[in-house]
Amino acid sequence: MDEKQKNNREIISNTGFKIDNIRELPEIKSALYQMHFEKNGAKLIWLDRREENKTFAIAFKTLPNDDTGVFHILEHSLLCGSGKYPVSKPFVEMIKSSLQTFMNAFTFPDKTMYPVCSRNDRDFLNLMDVYLDAVFHPLCMTKKDIFLQEGWHYEMNEPEGSLTCNGVVYNEMKGVFASPDAVIDRELNRLLFPDNCYQYQSGGDPEHITELTYEKYKESYARFYHPSNSYIILDGSMDIEKVLAKLEKVLNEFDRQEMDCDIRIQEPVKPDEVKCSYEIGQNEDAENKILLAGGWVYGQFDEQEKNTACSVLADFLCSSNESPLRKAVLEKGLAENVELTRMDGIEQPYLVLVVRNTREEKREEVWRTIQDTLKELAAGGLDHRRLEAILSRMEFQTREKEPGMYPAGIANAMKILESSLYGGDPAQNLCWGHVYQSLRNKIDEGYFEELLKEVMLEGGHCARLVLYPSKTLGEEKRSREEARLKQIKEQWSGEEKQQIIREFSYLRKA
């Protein structure tokens, strides 16, 4: 332990935090401090590294039990003012005046994350203060109009006028669900995970968002937004004494709360192929627009080598028109494109295959071609030089530390959550060198051929979809919505109608 770590250990020992572990991570030139707040169990991980762009993130394990999108609506709502900062849009004001380099919030299938970055020490502490007050003292728990505005609400101007529905998340998700990829995501998750939280849309399904009541919304906040269910992540060079003092002041307000947030491991299922529709425009040609999708759950979050190997397989099979699986389908003229991706960031990751733009009479031949090609590849062997090249490229990209669209601290926070949220090693997805070397050593041992066989040919946890284009689906949804709203309005008394009119008038002025 060097002098700096000894000094940090002494600082931490004088706070309400208890150190669980300190270790060096030479691959990212960082020391990882793992600790918890003794009073309520809030978990804290700090990556102490030479990075002036400091990152603070607080996340909560948020497990949906329906498709109302309650955690997506809460994510929006918590950014609409708090006890200490009672302005309607504090984050809009901060973007104007703060030195922040990143500010946002994210809803994932099983967690909600609130990250912020700044290079300025004082600004960083101020931003932490705003975020902490937002998540622990939000105005939306007492101001119903925030829920109505950000989630959903009825709109009506006069008792005999038409009734409509509106809301930020409601409209956002209507746009999302116009995409066939959102339909694939929703349906595959329902098929692959019928017994746990992943069957539900954490972002919200527009046809179910209006089932969320303000009472259920507040209950969901009370259940999950507590320090005992929080994961705080710090990244970069910072005055840790001042940062911990800021955290301690807020966390001391809360006693420990028993949390029931375990995710049930989904046992393998293999449901029958499901047929559904996706929306296309009235002027679009519906010919040759059938989509096929398949999903294979292959393991769990802590199988780092297997996760990386599945990414390699996806790249090998479908990354270009010369990739063997895509090429086999395209050369026969069976479809316009074939894509294979790995869905991670959850407890049980899976592969998703999408075949775009085929015809009904070609459907069986597509699946047969895919199956035959995979069998040939597993039996005859994969191109080992190509596998080596993919591994080298992936390792180079990782070593380059390109975080993509996010600052490095945000990318690190996401990687930490993708293991620590499930009780795993927080450094698992930060340290990678041994994985690439191990996989290289296994190329000539037939590892990738066996993995292909295990996951996509013999895997017992999988599902298939067929998506048919529909020019009438959008109108059918609108008609159902209109009929539902008409029925609701007919059941209201005159006073109930007036209440909706008053509520809508207030929201317009807010």
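Residues numbered from 1 in each chain as written. Predicted model: local features only at pLDDT ≥ 70, side-chain atom pairs only at ≥ 80, totals over all residues. Heavy atoms only, no water.

### With respect to the pairing of strand 1 (residues 17-25)
Where we set the bar: At least two bridges found by DSSP between two strands are what make those strands a pair. Labels follow the DSSP assignment, with helices taken as runs of H or I lasting at least four residues and strands as runs of E lasting at least two, numbered in each case from the N terminus.
Bridging between strand 1 and strand 2 (residues 30-37) involves eight bridges; their strand directions are antiparallel. Paired with I19 across the two strands is M35, which belongs to strand 2. The antiparallel pairing of strand 1 with strand 2 creates a hairpin that spans four residues between the two strands, and K29 there sits at a positive phi of about 50 degrees.

### Topic: the layout of surface pockets
In plain terms, the rule: Points on a 1 Å grid, built from protein atoms alone, make a cavity when a 1.4 Å probe fits but cannot get out and make a pocket when they are open with protein on both sides within 12 Å along at least 5 of 7 lines; residues with an atom within 4 Å of a point are the lining residues. Grid points are joined across faces, edges and corners, and a volume is the space filled by probe spheres set on the points. Here the nonpolar group is Ala, Val, Leu, Ile, Met, Phe, Trp, Tyr, Cys and Pro; Asp, Glu, Lys and Arg are the charged ones; every other residue, Gly included, is treated as polar.
As a volume, the largest pocket reaches approximately 1300 Å³. Considering the residues around the largest pocket, the lining is formed by 38 residues, among which T398, K415, N429, W432 and Y436 are closest to the centre. The set of elements that each furnish at least two residues to the lining of the largest pocket consists of helix 11 (304-318), strand 13 (337-343), helix 14 (384-399), helix 15 (408-420) and helix 16 (433-443). Broken down by class, the residue content of the lining of the largest pocket amounts to 15 nonpolar, 11 polar and 12 charged. Quantified by volume, the second largest pocket comes out at close to 830 Å³. The wall of the second largest pocket is formed by 33 residues, among which P109, D185, N189, Q201 and M343 lie closest to the centre. Broken down by secondary-structure element, the contributors of at least two residues to the lining of the second largest pocket are helix 6 (168-176), helix 7 (180-192), strand 13, strand 14 (350-358) and helix 15. The element that contributes the greatest number of residues to the lining of the second largest pocket is helix 7, accounting for six residues.

### Focus on the sheet that holds strand 15 (residues 462-470)
Spelled out, the test is: Only the stretch in contact is used when a helix axis is fitted, and all axes are lines through C-alpha atoms; the angle between N-to-C directions ranges over 0 to 180 degrees.
Within the open sheet, the five strands sit side by side as 11-15-12-14-13. Their pairing is mixed. If you trace the sheet from one side to the other, it starts and ends with strand 11 (274-279) and strand 13, each paired once. With direction set aside, neighbouring strand axes in the sheet form an average angle of 20 degrees. Strand direction decides the pairing type here: strand 13 and strand 14, joined by seven bridges, are antiparallel. Bridge pairing in strand 14 places E339 opposite V354.

### Structural notes on the nonpolar core
Side chains of a nonpolar character, in soluble globular proteins, are inclined to be buried together. Formally: Here, nonpolar core means buried Ala, Val, Leu, Ile, Met, Phe, Trp, Tyr and Cys residues that are tied together by side-chain atoms lying within 4.5 Å of each other. Any residue under 20% of the maximum accessible area for its type is buried, any over 50% is exposed, and the rest in between are partly exposed; the area is computed with a 1.4 Å probe on protein chains only. Only heavy atoms matter for contacts: two residues are in contact if any of them lie within 4.5 Å across the pair.
By size, the foremost hydrophobic cluster in this structure holds 121 residues, and its most contacted members are F56, Y114, Y217 and L247. With nine residues, the single largest contributor to this core is helix 4 (residues 121-136). Once you skip the residues sitting within four places of it in the chain, F56 turns out to touch Y114, P115, V116, F124, M128, Y131, L132, I232, I233, L234 and L247. Core analysis: the second largest hydrophobic core is formed by 45 residues, A314, L353, L451 and L452 among them.

### Here we look at the environment of L247
Within the secondary structure, L247 sits in helix 10 (residues 240-251). Under the relative-accessibility criterion, L247 is labelled buried at 0%. L247 sits 17 residues away from R264 along the chain, and the two C-alpha atoms are 31 Å apart. Filtering out sequence-adjacent residues up to four positions away, L247 remains in contact with F17, L44, F56, M128, L132 and I232.

### Focus on the packing of helix 14 against helix 16
Note the following rule: By definition in this entry, angles of less than 35 degrees are roughly parallel, angles greater than 145 are roughly antiparallel, angles of 65 to 115 are roughly perpendicular, and the rest are oblique.
Between helix 14 and helix 16, the least distance of the axes is 10 Å, while the angle of their chain directions is 175 degrees. The orientation of helix 14 relative to helix 16 falls into the category roughly antiparallel. Every residue of helix 16 that contacts helix 14 at H384, L387, E388, L391, S392, M394, E395, T398 and R399 is listed here: G433, Y436, L439, R440 and I443. By residue class, the composition of the contact of helix 14 with helix 16 is six nonpolar, four polar and four charged.

### Here's the deal with the state of the cysteines
In protein chemistry, a disulfide is the covalent bond that joins the sulfur atoms of two cysteines. Here is the rule: Cysteine sulfur pairs qualify as disulfides if the two atoms are within 2.5 Å.
Taken as a whole and assessed by the stated rule, the structure comprises zero disulfides. Just so you know, C261 is unpaired, no disulfide at all, and the nearest cysteine sulfur is the one on C197, 10 Å from it. Judged by relative accessible area, which is 6%, C261 ranks as buried.

### With respect to the environment of G423
Tracing the backbone shows G423 in the loop between helix 15 and helix 16. We classify G423 as exposed; its relative accessible area is 70%. Sequence separation between G423 and N357 is 66 residues; the distance between their C-alpha atoms is 41 Å.

### With respect to the side chain of N40
Counting through the fold element by element, N40 comes out in the loop between strand 2 and strand 3 (43-49). The buried category is assigned to N40, whose relative accessible area is 0%. Leaving out residues up to four positions away in the same chain, N40 has contacts with P227, S228, L251, F254, D255 and R256.

### Let's talk about the pairing of strand 12 (residues 290-297)
When you tally the buried positions in strand 12, you get eight out of eight residues, the bulk of the element. Of the two faces of strand 12, the one holding I290, L292, G294 and W296 and the one holding L291, A293, G295 and V297 are both buried throughout. Bridge count for strand 12 against strand 14 is seven bridges, and the pairing is antiparallel. Bridge pairing in strand 14 links V297 to Y350.

### Concerning the pattern of salt bridges
Cut-off, in case you're wondering: Salt bridges are counted wherever a side-chain nitrogen of Lys or Arg sits within 4 Å of a carboxyl oxygen of Asp or Glu.
Tallied over the entire structure, the rule returns 38 salt bridges. The salt bridge involving E51 is made with R49; its shortest N-O contact spans 3.9 Å. The exposure class of E51 is partly exposed, given its relative accessible area of 21%. Across the salt bridge formed by D110 and K111, the nearest N and O atoms sit 3.2 Å from each other. As far as burial versus exposure is concerned, D110 and K111 are alike and both buried. Through salt bridges with shared partners, a single network forms among D67, R186, E187, R190 and D205.

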